[in-house]
Every structure is written in structure tokens, then in C-alpha cells.
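Single-letter residue listing:
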Amino acid sequence: MSSIEFFDVRKSFGSVEALCGISFSVETGEIVALLGPNGAGKTTAIEILLGLRRADDGYVMLCGGSPRDAQARMQLGATPQETGFPDALTPREVTAFAAAHYANPLPIDEVFASFDLTDIADRRIGTLSGGQQRRVALALAFAGDPAVVVLDEPTTGLDVDSRRALWSRLRSQENRHRAVLFTTHYLEEANALADRVLVLDRGELTFDGTPRELRERFGARRVEYVGPNGRTVITTHDADEYVRELVHSGVPFQDLQVAAPSFEDAFLAVTGGSK
Amino acid sequence: MKVLTLLAVHARLMLAELLRAPGYVIPTVGFPAMFFTIFAMPYAHDTATADFELLSYVAFAIIGVTLFQFGVGIAAERGRPWDRYVRSLPAPPEVRFAARIVAALVFGIAAAGLVAIVARIFTPVDLNAAQWMLLAFYALLGGIPFVLFGITIGYWTSARAALPIANVCYLLLSFAGGLWLPPRMLPGVAATISPFLPTRQFAELLWSIAGNSNNALHALGWLGYYAAFFAVLASIGYHRDEQRRYA
């Protein structure tokens, strides 16, 4: 039995098809990234998985049960979207609240320690920084020690150090008895954290494979410089060769930058600008 | 058993949040007793007047709590990310609503209780134990149409509009319903529409306890009609919102 199973899931809003029949599964011990630009259907897929919405067709199973059933959701922990906490409450209050819904929650101090919240557990959430609030969101997802964890853009708003710390925490052995599904805009995050990556584009699952396979397909680079025609930005699979040619061509340029592309750029490079 | 535990957990969190919002606590809990002190106490020299004023201001307190807790509360919370998160937790959706009722009861008892305490100390009110019990029972029963009225406001108005709308309904209906001035002292239009208002009928129900109205059954009938009317509006609003957000 898979921890998460989507089978031919369809969902439309009026005439807009948000999910056009997607199928995938996530097994215990796996960390899977759900990657896609805004409007790709990530939110809809997550909402169905959390039991907030109903699929029009196909089915979603959560450890063998329906996510619409509260009993099945005992196996599920999720982060709140964005940083939508009641400002007046404290991390301790909301975490204890979440934990009270589960049969065998983790000790709350352990949860605070693992998300670096011990010192701020009794402050009002409204006074915390965006990054601190993201960590509270993660604490909520893990507080009940669920078999399936769903993280909605877990590291948005975190600085580089916290992001790295979180990745290593999520990849640690103690989480290997869970299935973790997270959404992200960042190719880098999918690479660093996931065992497997799903790419969702306009309601269709266009990729399901390892980060390595993804890198090969999305491994474009973005080259930017100011040349005779003003600022020039190109996306290429071989930045080294491009720069070599640029230098050899003798064209004057300045402010040369080579960067890993944003997801949108890579997407354009790979799909040939179909977006 | 598990459901009761969850209800306690949800109610505690909701109360903790509300208690830290002075903008909520002061108007709902403090205003009725404060208005009573300013506008009613100077006239409450004899028992009949004091009883009448006490019963009016208990109605005023209950209406305030129901319109704010259900109207403003629901409008502010529906669709906010936290509400969406709470729905994803393994609890039946009714728990959150039941918690709102518990919170309303707590605030209703506090607001009406404060009026009763002030009235007992500073005015010659004279209700016997049976009358106090009947007051508590009628206050709960007569509060039901206002709960449904509040839910209607909560689902038919935006978070921004709910507070002014609830406020205007609260103050105008309280005035025209005769909660501040006895009905015979109301000015023209207010006097004409007064008998048709739910606030007036709620007041009539409570006044009957001290014999200031012999229309308890009549008032209950009217309140029943209002309850049915707002139940329909609240239900349409609720299903419309559910359909849009969570279908």
C-alpha cells in the first residue's frame, strides 16, 4: 500500500481544467518534490490530498483511506499555507493544538528543538520573523508524528543557512519512516532534498524521475551581459561554450553573469517556450 | 470522548485568540454593562424600572456577542490560511463550529453576567431564583435567531464589511427594539417598526419574566419565524462559500 496514491485525478473549476488526469504514488521513506510554476495545479493537487477538495474523477488514497475522512487524516501532517497564523497565539499553543489531534504525537519540546523554536516557543507568532513562522509551520506538520507529511513551499522566506539546516533535518534518518511530499518553485531545492521529483505543468504531470534525471533535462544556464545591443539574456544548455564563443567573437561586453536559471527559465528552455 | 477532547482543544484555542483581542473583548463584554451604568442606572430608582432595564440590557449583551462572535468572527476567519489548515487536521468539521458556540456561550455569560452583577449591586432589582433561572434559559433560547443572523452576516459579507454591518445592525436594532428606551418613548418611525423587529421580540420575551410583558408565547413565535428566516439565509451563504472554496 502506498502512502500517497493519485490515480487519474481530474479537477476543473468551471471551464478551467486544473488537473487533467494525474497519477503518481509516494512510498514510505521517500521524499518527493512537486515542482511547477504558479498555476500549474500544485495547489489543487495538495488541496485534494489534504481532504479540502474533492476530485471530479479518479481517486486519491492516503495510506489506503480517503483524505476526506478525518480518520485517514490521522496519518497526515501538513503545513499551513504561507504564514497564515493567528498573530496573537504562541508557537507552543498552536503546536500543542495540532498535536492534540493525533494518537501518538511527538513530545512538544522535541519538536521545538528539532525546528530551533525552543527560545521563541512562548512569544506571540505575530512578533516572529517570516523565517521563524515558516519553522512553526513545519513544527505543526511533524507534531503529530504522522506517516505522511505534506509541506507547502517549506523554505520560502528562509535564509540560506536555515534552508540548508532544514534540508539536512528532513533528510535525516528519523524521517525515513515517513513519506514526505513537498511543493517548491526552486529547482535547487528539489535537487538537494528530493529522492524523486514530479513536475506539474498546466495540470499534467510532465516529469516523474530522480533529481539526476531532472538535472539532465532541466540543466540549462542563464547567461546575461551588457553588449552592443544593450542587456542580453540567453538560456543555454552549455554556458561554457557560449561564453567561449562570446569572448572569441570579439564583441565588446561587460557585467557578464552566468546563473542557474529560475524554474521558469529552465522550463522555457526545455519546453521550447510553450509556457 | 475523543470528540469532546477535540472540542475542548478547539474552544480553548479560539478563546485564547479572542481574549487577546481587546477590540473584541471590550465591546462585547464591557459595553453592555457600561451602557447600563450610563443610560439605565440613573432611572432605575424603583424595582419595576430596575428589573425592566436589567432584562433589556441582558438582551443587548446577548445580541452583541452573537452578532460579533458569529458574524464578524466567521467573516474574518473563513478563507484565511489558518482556517484552511485547521480543516486539514483530523477532526470532523463540526468541531470548529461547536467551539465557536462554546466561545459565544463563554462571552455571552460574561457580558450578561456583568450586567446582572452591576444591576444587583447598584439598582433595586428584585428577581427570585426561579426568575434568574428563567432569564438564563430565555436568554439562550432567544439568542438562537441572533446566532443565525450572525452566521448570515458572516457568510454574506466580506471580512472588511462585516464589522461595520454588524455594528449598525446591533445598535439600530437595539435602539428600535426598545432595549435602551422603553417602546412607549421611542420616536415615530422607530415606534412603528419596533414590534416587527427580532430585538423587540427578544426583549418582550425577557420582560415577561418580571411581568412587564405578557407576550412570552407571542414573542417566542416571532423569534421562531426569525430563526427560520435566518436559518435559510445562513444555510445558503454557508453552502455557497463551501462550494467555492472547498468543493
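These numbers were taken from a predicted model, which means no experiment stands behind them.

*Asks:* Help me get a handle on the interface of chain A and chain B, residues and values and all.
*Replies:* Every contact between the two is made by 23 residues of chain A and, on the other side, 20 residues of chain B. Ranked by the residues each element gives to the side of chain A that touches chain B, the list is headed by helix α2 (residues 91–99) of chain A, at three residues. Tallied by class, residues from the side of chain A that touches chain B come to 13 nonpolar, five polar and five charged.

*Asks:* Explain the domain arrangement of chain A to me, and be specific about the residues and the numbers.
*Replies:* Segmentation of chain A into domains returns domain 1 (4–216) and domain 2 (219–271). Centre-to-centre, using C-alpha coordinates, domain 1 of chain A lies 34 Å away from domain 2 of chain A.

*Asks:* Please provide a residue-by-residue account of the environment of D152(A), values included.
*Replies:* Tracing the chain through its elements places D152(A) in strand β6 (residues 148–152). For the pair D152(A) and A137(A), spaced 15 residues apart in the sequence, the C-alpha separation amounts to 9.4 Å.

*Asks:* Lay out the environment of R123(A) with the relevant residues and their values.
*Replies:* Residues and elements named next belong to chain A. One can find R123 in the loop between α3 (108–114) and α4 (130–143). Spatially, the C-alpha atoms of R123 and A139 are 15 Å apart, while their sequence positions differ by 16 residues. Not counting chain neighbours up to four residues away, the residues in contact with R123 comprise T90 and L128.

*Asks:* Outline the sheet that holds strand β5 (residues 76–78) of chain A, supporting the account with residue identities and numerical values.
*Replies:* Residues and elements named next belong to chain A. Read across the open sheet, the six strands follow the order β5-β6-β7-β3-β8-β9; overall the sheet is mixed. Pairing within the sheet leaves two strands with one partner each, and these edge strands are β5 and β9 (204–209). Recorded for the sheet is a direction-independent mean angle of 15° between the axes of neighbouring strands. As judged from the four bridges shared by strand β3 (residues 31–35) and strand β8 (residues 196–201), these two strands associate in the parallel manner. If you follow V32 over to β8, its bridge partner there is R196. Most of the contacts of helix α1 (residues 42–49) go to β6, to which it runs at about 150°, and overall it touches β3, β6, β7 (179–184) and β8.

*Asks:* Before we move on, can you summarise the packing of helix α3 (residues 47–77) of chain B against helix α9 (residues 198–207) of chain B with the specific residues and values?
*Replies:* Residues and elements named next belong to chain B. Where α3 contacts α9, the two axes come as close as 9 Å, and the packing angle between them is 135°. Classified by the angle their axes make, α3 and α9 are oblique. Remark: the crossing between α3 and α9 carries right-handed chirality. Taken together, the residues of α9 that come into contact with α3 (itself represented by F52, L55, S56, V58, A59 and I63) are T199, F202, A203, L206 and W207. Here the residues of the contact of α3 with α9 are counted per class, giving nine nonpolar, two polar and no charged.

*Asks:* Lay out the packing of helix α2 (residues 22–40) of chain B against helix α5 (residues 94–122) of chain B in plain terms, naming residues and giving numbers.
*Replies:* All names here are of chain B. Taken N-terminus to C-terminus, the directions of α2 and α5 make an angle of 20°; their axes are 8 Å apart at the nearest point. Judged by the angle between their axes, α2 and α5 are roughly parallel. Crossing of α2 against α5: the hand is right-handed. Residues T28, V29, P32, A33, F36 and T37 of α2 lie in contact with α5, whose contacting residues are F107, A110, A111, L114, V115, V118 and A119. The residue makeup of the contact of α2 with α5, split by class, is 11 nonpolar, two polar and no charged.

*Asks:* Summarise the sheet that holds strand β2 (residues 16–26) of chain A; cite the residues concerned and give the values.
*Replies:* Residues and elements named next belong to chain A. Read across the open sheet, the three strands follow the order β2-β1-β4; overall the sheet is antiparallel. Because the sheet does not close on itself, it has two edges, and the strands there are β2 and β4 (57–62). The average angle at which neighbouring strand axes cross in this sheet is 25°, direction not considered. Of the pairings in the sheet, the one linking strand β1 (residues 4–13) to β4 comprises five bridges and is antiparallel in character. Counted as the bridge partner of R10 is D57 from β4.

*Asks:* Before we move on, can you summarise the nonpolar core with the specific residues and values?
*Replies:* Among the nonpolar cores identified, the biggest contains 141 residues, and A33(A), A139(A), V150(A), V58(B), A59(B), V115(B) and L206(B) are the most heavily contacted of them. For this core, the element with the highest residue contribution is α3(B), accounting for 18 residues. Sequence-distant contacts of A139(A), that is, excluding residues within four places in its chain, are made with P91(A), T95(A), V111(A), F112(A), F115(A) and L117(A).

*Asks:* A description of helix α1 (residues 2–19) of chain B should follow, citing residues and the corresponding values.
*Replies:* The end-to-end C-alpha separation of α1(B) is 26 Å, in line with the 26 Å expected for 18 residues at 1.5 Å each. Inspection of α1(B) places L6(B), H10(B), A11(B), L13(B), M14(B), E17(B) and L18(B) among the buried residues, and these make up the whole buried set. Down the axis of α1(B), the buried set is contained in an arc of 160°. They therefore lie on one face. Opposite the packed face of α1(B), turned more than 90 degrees from it, sit the exposed residues L4(B) and T5(B). Lining the buried residues of α1(B) we find α2 of chain A together with α2 and α5 of chain B.

Rules behind the numbers
Along each chain, residue indices are assigned from 1 in the same order as the chain's sequence is written. Ligands are numbered from 1 and chains lettered from A, in the order in which they are written. The model is predicted, so local features are restricted to residues of pLDDT at least 70 and side-chain atom pairs to those at 80 or more, both for listing and for counting; the totals for chains, interfaces and linings are taken over all residues. Residues are defined as contacting one another if the C-beta atoms placed from their backbone atoms lie within 7 Å. Only DSSP runs of H or I with at least four residues qualify as helices, and only runs of E with at least two residues qualify as strands; both kinds are numbered from the N terminus onward. Under the scheme applied, nonpolar residues are Ala, Val, Leu, Ile, Met, Phe, Trp, Tyr, Cys and Pro; charged residues are Asp, Glu, Lys and Arg; polar residues are all the others, including Gly. Where each domain begins and ends is defined by an automated method or by a domain database. Two strands pair under a simple rule: DSSP has to find at least two bridges between them. What counts as an axis is a line fitted to C-alpha atoms, over the stretch in contact for a helix, and the angles between N-to-C directions run from 0 to 180 degrees. Our angle categories are set so that under 35 degrees counts as roughly parallel, over 145 as roughly antiparallel, 65 to 115 as roughly perpendicular, and the remainder as oblique. Each crossing gets its hand from how the near helix is turned against the far one by less than a right angle, where anticlockwise is left-handed and clockwise is right-handed. A set of buried Ala, Val, Leu, Ile, Met, Phe, Trp, Tyr and Cys residues, joined to one another through C-beta atoms within 7 Å, is what we call a nonpolar core. Buried, partly exposed and exposed are defined by the number of other C-beta atoms within 10 Å of a residue's own C-beta, namely 20 or more, between the two limits, and 12 or fewer respectively, with C-beta atoms placed from the backbone. One less than the residue count of a helix, multiplied by 1.5 Å, gives the span that helix is expected to have. The directions considered for the arc are those from the helix axis to the C-beta atoms.

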